[in-house]
Amino acid sequence: MISRFQYFKPHNLSDAVQYLEKEDNSYVLAGGTDLMILLRRNLINAEHIVDIKAIPELSALEYSNSTGLTIGAGVVVNRLVDSEIVKTNYPALQQAAASLASFQLRNRATAVGNICNASPGADLPPSLLVYDALVNITGPHGDRQVPVDQFFTGVKRTVLQRGELVVSLQLPEPGEGDRSIYLRQTRLRGHDLATVGVASRIKPNGKVAIGICAVAPTPLRLFALEDKINERGLNKETIDWAGEEINAHIRPISDVRSSALYRLQMASVLLKRGLLNLIGEEE
Amino acid sequence: MEEKKYRSKYKHVGQPYDRKDAQEKVTGQAIYAYDLEFPGMLHARCLLSPYARARIVSIDTSAAKALPGVRAVLTGEDSDILVGLYMQDKRVLSKGETRYHGDVVAAVAAEDEETAEHAVSLIKVEYEPLVPVHDVDEALEGKTLVHEDINDLKHYVGVFFPQKDSNIASWNKSKKGDLETAFSESDLVVENEFSLPAVAHVPMETHVAIVQADPYSNKLKIWTSAQSPFAIRQIMADSFGISETDVEVHIPYVGGGFGGKAGIHLEPLATLLSKAAGGAPVKVRATREQEFNQLPTRAGMRGRIKTSVNNDGTITGMQATYDWDSGAYADYGVNVGKTAVYSGIGPYRVENASIDSKTIYTNKVFSTAYRGFGHLETHWTIERQIDILSQKLGIDPYEFRMKNLLEPGDKTMSGEVLTVSSGSPKDCLTAVVKEIGWTGRKSEEEREEEWKTGKVRGKGFAMLQKAPAMPANTATSVIMQMNGDGHVKMMIGAVDFGQGAITALAQIAAQELDIPIEHIEISAEIDTRANPYDWNTVASKLIFLGGNAVIKASHEMLRKMKDVAGQALRTDPENLLHANGEIYHRHDPTRRLTYKDVALGYMYPNGTGIGGPLIASGSSMADGLTNLHPETGQGNPAAVWTFGAHAVEIEVDVETGNVTVLKVASAFDIGQVINEKLVYGQICGGVLQGLGSAVLEGYKFNSDVQLMNPSFTDNKIPTMKDIPLEIVPIYIENPQHNGPYGARGVGEHPMISVPSAIGNAVYDALGINFHVLPLSPEALVLGIQSGKKSILCTDVDCLPGLH
C-alpha cells in the first residue's frame, strides 16, 4: 500500500464532517471492503482515513410504522440479512443483502457503503430504488435528504460534496400486501458480482416498481417501464411483453464479466421471473 | 454426499486414516514459507512490464536507490542469468525487450514491503511499445519472434525440438501405420477443431521464496513454497554455475501447488537480490494478482483432429495437431507438448495415427504444468470428437467407445503393448455409465418436450488416461530409522503439498512393518541436506515409485532387525517372523522380542550390546523406459497408466444458461486403494477443479495482450456452493503387478475429462456441440440463441447471427 495516511476515528458526526471538509484526499472508512481494494491497488492516494464506526448513531437499524426502516451508515450487510423486520417488510432488500459478496465480507461491508461506492453493479441499490429509499446526508452546510434514484450521478460518482457524509438510509413503510423479490445472475453460485440484478416490487395499490443494476452507468429505477406495465395491467401477457420491452430502457455495456447481449437477455429473464413469482405464476 | 463404503483386505493399506498433517493444518499450527521470518530479512517487490511486448529504452533507479530502507535495486543490466527447466529461455530480469505483461523489469529489496513497493513506484522506465504476438496463428506465421535468439537457446537436446527462426519452442511428433490409406478407404472421415483458454492454478498459498546468499562462498540457502526441492537445487546450480551441494533447499508446509509450484519460480530473483543486498535473506512473495499475471498458467490449447471410422464403428485412423499457447516462456510447456504425442489419441486402439504437438511462444503469460499435464486439454479434443463421431455414425457413444477401447495386447500410440497388469479402461466406463443410468441419447422429440419446461437434462461421459510424464530415468528414495521406542522415522524427498503423500507412504510402511500408523513418524518438511533424493513431486508418480521405495526400505529394516534378533534369540534369522511390532520364532512364538528391544541395538542382560541403531533405505527407479524416437514418437515413456472415466448428469436452464451438475460418477482403475479417504478427497477436488475448467475459468486478454482478469474479481474458481449435488467415486482394482500392493497414481486424473463429460452432456441436453471452453452460462445462452448446432467460438463477435 503506497498511501500513507492519517487515521482519524471521531466519536461524533460533527467531528467527522469537520475533518472531512478540512483535509484533502480524505476517505471515509466504514466496512472498508471497497476502500481497501482501492488502497491495495494504488488506485487512490489517501492522505486521511476517517473511520466512522465509533459514531454511536450510525449503528442504528430501526423500524417504526411512522418512519419505516432506518439503516445507519455503520450497519453491516449481515445485519440486514439476519433482520426479521427486513425479511418481512422488505424481502427484496433482504435477498439482495444475502446475495452480496461472501459471508465474511457481509460481516464488514455496510449497506450505506454499498451505495456510496456507487458501483453500477452494486446489489443493494435495485431494492433500495424500488422502496423509494431516501439518503440522509449531513455536511458542513447542514443536513439534506436525497431520493436514492437521484443519488448516483455516474460510475463511482454520487451527489456527495466535499465534507458530506451519508448518515443513514430511510425506507418508507411498505404497507399491507406489499411484495418484492431480488433476482441476480452471476457466473457461478458462489461469491460473484452481479452480471445483472433486478428488484421487482408490487405495491399494495397493485403498481409495480422495478430497480436494476449492471445495465447502465448507475443502478436504475425504470419509471417509464413501470408506467407502461401499470397502464397495461399486471398479468402474464404484460409480463411477457415487459420482458421484451425492458431492453429499450437499459444500456448495458460489454465488459470482461459479460457481453451487453447477455445482459439484455438476463434483464429480460430476471424481470419476467421476478414478476411472475410475485403474481404467483412461477415459470 | 454419501461416502461409499470401501473395505480393504489389508490391515493398514486401504484404510481411511486421517491425514497425518490434518490436525496441525486445521489448528493453524502448520508453518508455510509465507509465515517464515528471519533476523535481518528483507522484503522484495517487483516492477512488472506494463506491456506484453516492449523495448526498454531506459531505466532510472536513482530515486528508488536513494529511498531510506532500500537495500538493493536490480534491473536486467545487473544480471544475465538465464533459467529454464528444459529451455534456458527466461531472464530473471528483463533486458532489451519484455516478453509478457508480467515480465520483471526491476526488483527492489527493502527493510519492509511498503518501502520496497514505494521504491518500485519511484523507478522510471521508458518503454517503446512493440506489437505483440497475440495468438498461436500469429506466432506460427513467425513474422515477429518472441525469442530472437531461439536458435541459440540451450535446451534438452533429443527430447525437445525448437524450430529454427520460429516461435516454436518444441515440435514433437509421433506416427504409426498408414494414415493416408486409412483416410481414403474408411467409410467416414470427420475433422474438428476444439480449443480452451489458459487457466490459473490458484493455490491457497501464493508463490513465496526466501533466499540467503552467503557473501563468502557459493552457498545458497533457500526456503520456498515449491513441489520440487531437488529440481530447484539442480537448476539453481546450473544457472548460477555452482555445485548442487552449494544449494540447500528447505520446503516447509506448502499451501497447494497443482503443478504451478513444480520447477523453479521466484528463487533466482530472491538469490540475485540477496547477493546485491550483501547476503541478507530476501523474501519474494507473489501477491494474488501476480499469481495470475506473473507466475505461469496452464497453456491455452487448440486441437485439430481428423478421424476415420467404418460404419461398424471401428476407428481406423486419427490425426491430431495440438498447438499450445505457452506464452512468453517454455517452462514445463514443452514437456506438456511432448506428453501429447504419446497420450494424445486417448485410450483407444488406433492402428494408423499421427500427432503433431507444438509448444508455441506468444506474448501472453507463460505456461507450466497443471494437474493433468495437458491431458484435460487433449481429452477435451478427443472425447468430444469421439462423441461427435458416434452422433454421425448413429451408434450409442457407450457402444462406440467399448468397441475401440484399449485391451490387453493392444498397442498405445508409442507402441507399448498393454497387458492384464495395465488396468482396464472398459471397466471404468462400464461402471460410470451404469452409475448414472445411461439408456442412450435423448431424442429430438424428448428434448423439445423438456425444453418447454425451461430446464433440460442431459447425460454424458468421457474416458481418460494418463501416465506420469517423466524422464526415463526418474527416481525417488526413502530413508527409515528406528527410534528408541520402536517407532519408525521415515524421510522422503518428495513434497506433501496437500495430496497426502506422507500419509499414504506411512500406511505402506505400517503395512510392511506391521506397526500402527501412529508409530510412523514422517514430516512433510524437506531439507535437501538431510532428506534423500526425489526427482520432482509431480506426475502422480509418488505412490508408484515412492511406495515401492518404502517397501524396499521396509524389507531392509526387517532384515536388519531379524539379523540382530536372530543373535539375541539364538536362531537363524530365517526362522523369525514379525507381527504387531514384535519378532518371534515361527515354531516357538514364546521366543520373541519387540521392535523396541532391537531399535538402537540389542542389549544382553549383562549390558553387552549388539547391532546398533537400525537404519534402512530404499530407492526406486522407473524401469525400462526410453526416450521417444524424434520422428515417430515410438518408445516406452509410460511407467504406469491409470485409466478412468467420468459420467455426469446435468440440468441446463435454457434461459440463463446456468448448469446444475446433478451427479458425477468417476471411476479410476487405481489397482489398489491406499487410503480411501485420501483418494475420495482427490476425486472430489479434481472433479471440482475440472468443473472450473468446464464451466467457468479462463484467462481473457485484450487486443494489447494484457490480462483483463488478473484477480479474483473476474478470475473465478468454483466455491463450496458450486460442488456437484452428488459425486460418486468408484475404485476399480485391477492390480498393477509392479505397483505397491498393485496401486497406481490418481492425483491428477480426477480433473481430466470433466469438461469433456460436461460438453457431451450439454450436447445430450441441447443438441448443440460446443467446441470451446468454458461452457459458461453466457456461452450456452449465446450458443442457443445463435441457432447453430456447432459452436466454435463463444465470443459475441464470433456469433454474428445474434445481432
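Residues numbered from 1 in each chain as written. Chains lettered and ligands numbered in written order. Predicted model: local features only at pLDDT ≥ 70, side-chain atom pairs only at ≥ 80, totals over all residues.

1. So, the overall build of chain B
Then step 1. Looking only at helices and strands, one finds 19 helices and 33 strands in chain B.
Then step 2. At 27 Å, chain B has a C-alpha radius of gyration in line with the 28 Å of a compact globule built from 803 residues.
Then step 3. In terms of overall dimensions, chain B has C-alpha extents of about 95 × 70 × 50 Å along its principal axes.
Then step 4. In chain B, of all internal contacts separated by at least 6 residues, the share reaching a separation of at least 24 is 79%. (Helix = DSSP H or I, 4+ residues; strand = E, 2+ residues; numbered from the N terminus. Rg over C-alpha atoms; globule rule 2.2 N^0.38 Å. Contact = placed C-beta atoms within 7 Å.)

2. Comments concerning the environment of V417(B)
Then step 1. Looking at where V417(B) falls in the secondary structure, it is placed in the loop between helix 11 (397-404) and helix 12 (425-435).
Then step 2. Linking V417(B) and E407(B), residues 10 residues apart in sequence, is a C-alpha distance of 9.4 Å.

3. Structural notes on the pairing of strand 13 (residues 208-213) of chain A
Residues and elements named next belong to chain A.
Then step 1. The buried count for strand 13 comes to six of six residues, which makes it a mostly enclosed element.
Then step 2. Where burial is concerned, the two faces of strand 13 agree: the one with V208, I210 and I212 and the one with A209, G211 and C213 are both buried.
Then step 3. With antiparallel pairing between neighbouring strands as the criterion, strand 12 (residues 196-202) and strand 13 make up a hairpin whose turn holds five residues, including G206 at a positive phi of roughly 90°.
Then step 4. Between strand 13 and strand 14 (residues 220-221), which pair antiparallel one after the other, the connecting turn spans six residues, and A214 there sits at a positive phi close to 70°. (Buried ≥ 20, exposed ≤ 12 C-beta atoms within 10 Å, placed from the backbone. Pairing = 2+ DSSP bridges.)

4. Brief notes about the domain arrangement of chain B
Residue and element names in this part refer to chain B.
Then step 1. As far as domains go, chain B holds domain 1 (33-130 + 206-254 + 261-293), domain 2 (300-470 + 628-802) and domain 3 (475-621).
Then step 2. Placing the centre of domain 2 and that of domain 3 at their C-alpha centroids yields a distance of 41 Å.
Then step 3. In this complex, domain 2 contributes 22 residues to the contact, which on the side of domain 3 involves 16 residues.
Then step 4. Classifying every residue of the side of domain 2 that touches domain 3 by side-chain character gives 12 nonpolar, seven polar and three charged. (Domains from an automatic or database assignment. Nonpolar A, V, L, I, M, F, W, Y, C, P; charged D, E, K, R; others polar.)

5. As for the interface of chain A and chain B
Then step 1. Each partner contributes residues to the interface: chain A has 21 residues there, and chain B has 26 residues.
Then step 2. Ranked by residue count, the leading element in the side of chain A that touches chain B is helix 11 (residues 260-278) of chain A, at five residues.
Then step 3. Of the residues belonging to the side of chain A that touches chain B, the class tally is nine nonpolar, seven polar and five charged.

6. Points about the sheet that holds strand 6 (residues 97-98) of chain B
Residue and element names in this part refer to chain B.
Then step 1. Spatially, the three strands line up as an open sheet ordered 6-2-8, and their pairing is antiparallel. In the strand order of this sheet, the two ends are held by strand 6 and strand 8 (124-129), each with one partner.
Then step 2. Alignment of strand 2 (residues 54-60) against strand 6, held across two bridges, turns out to be antiparallel. Paired with R55 across the two strands is E97, which belongs to strand 6.

7. Points about the domain arrangement of chain A
Residue and element names in this part refer to chain A.
Then step 1. Assigned domains of chain A: these are domain 1 (6-51), domain 2 (57-171) and domain 3 (179-278).
Then step 2. Each of domain 2 and domain 3 was reduced to a C-alpha centroid, and the two centroids are 20 Å apart.
Then step 3. At the interface, 21 residues of domain 2 touch 22 residues of domain 3.
Then step 4. Taken together, the elements giving at least two residues each to the side of domain 2 that touches domain 3 come down to helix 5 (91-99), helix 8 (124-130) and strand 8 (152-154).
Then step 5. Grouping the constituent residues of the side of domain 2 that touches domain 3 by class yields 13 nonpolar, six polar and two charged.

8. A word on helix 11 of chain B
Residue and element names in this part refer to chain B.
Then step 1. Every buried residue of helix 11 is accounted for by P397, Y398, F400, R401 and N404. The buried residues of helix 11 occupy an angular sector of 165° when projected down its axis, which confines them to one face.
Then step 2. The inward-facing, buried residues of helix 11 contact strand 16 (315-325), helix 10 (375-393), helix 12 and strand 18 (455-466). (Arc of directions from axis to C-beta.)

9. Here we look at the packing of helix 11 of chain B against helix 12 of chain B
Residues and elements named next belong to chain B.
Then step 1. It is the contact of helix 11 with helix 12, at a shortest axis distance of 10 Å, that shows an interaxial angle of 165°. One way to sum up the angle between helix 11 and helix 12 is to call them roughly antiparallel. Where helix 11 crosses over helix 12, the two elements pack in a sense that is left-handed. The residues of helix 12 that touch helix 11, namely those facing Y398, R401 and M402, are K426, L429 and V433. (Axes fitted to C-alpha atoms, helices over the stretch in contact; angles between N-to-C directions. Parallel < 35°, antiparallel > 145°, perpendicular 65-115°, else oblique. Left-handed = near helix turned anticlockwise from the far one by under 90°.)

10. Quick word on the environment of G158(B)
Residue and element names in this part refer to chain B.
Then step 1. In this fold, G158 is placed in the loop between helix 4 (136-141) and strand 9 (168-176).
Then step 2. Overall, G158 belongs to the exposed group, with 9 C-beta atoms counted inside 10 Å.
Then step 3. Taking the C-alpha atoms as reference points, G158 and E582, 424 residues apart in sequence, are found 52 Å from one another.

11. Considering helix 12 of chain B
Then step 1. For helix 12 of chain B, every residue scored as buried is listed here: P425(B), C428(B), L429(B), A431(B), V432(B) and V433(B).
Then step 2. Two residues or fewer past helix 12 of chain B, G437(B) is found with a positive phi of approximately 65°.

12. Topic: the nonpolar core
Residues and elements named next belong to chain B.
Then step 1. Judged by nonpolar contacts, the single largest core of 334 residues is most densely connected at A44, V108, L273, V282, V432, M490 and L505.
Then step 2. Broken down by element, this core gets its largest block of residues, 12 residues, from helix 15 (residues 542-568).
Then step 3. When residues no more than four places from it in sequence are discounted, the contact partners of A44 are A107, V108, A109, A116, A270, L273, V282, K283 and V284. (Core = buried A, V, L, I, M, F, W, Y, C linked by C-beta atoms within 7 Å.)

13. A word on the sheet that holds strand 24 (residues 582-585) of chain B
Residue and element names in this part refer to chain B.
Then step 1. A sheet is described by the order of its strands in space; here three strands give the open sequence 23-24-25, paired in antiparallel fashion. With one partner strand each, in any of the chains shown, strand 23 (576-579) and strand 25 (592-594) form the two edges of the open sheet. Across the sheet, the mean angle from the axis of one strand to that of its neighbour is 20°, orientation sign disregarded.
Then step 2. By the bridge criterion, four bridges tie strand 23 to strand 24 in an arrangement that is antiparallel. Residue pairing across strands places L576 opposite H585, the latter belonging to strand 24.

14. Comments concerning the confidence of the model for chain B
Then step 1. Mean pLDDT for chain B: 97, with 99% of residues reaching 70 or above.
Then step 2. Confidence metrics for the complex model read pTM 0.97 and ipTM 0.96. (pLDDT = per-residue confidence, 0-100.)

15. Thoughts on the packing of helix 9 (residues 223-232) of chain A against helix 10 (residues 236-245) of chain A
Residue and element names in this part refer to chain A.
Then step 1. Between helix 9 and helix 10, whose axes approach to 10 Å, the crossing angle comes to 160°. Considered as vectors, helix 9 and helix 10 are oriented roughly antiparallel to each other. In this structure, the crossing between helix 9 and helix 10 has a hand that is right-handed. Judged by residue contacts, L225, K228, I229 and R232 of helix 9 engage T238, W241, A242 and E245 from helix 10.
Then step 2. Of the residues that constitute the contact of helix 9 with helix 10, the class distribution is four nonpolar, one polar and three charged.

16. Some thoughts on the environment of I246(A)
Residue and element names in this part refer to chain A.
Then step 1. Residue placement: I246 occurs in the loop between helix 10 and helix 11.
Then step 2. Residues I246 and V146, 100 residues apart in the sequence, show an inter-C-alpha distance of 26 Å.
Then step 3. With near-sequence residues (within four places) excluded, I246 lies in contact with L225, A267, S268 and L271.

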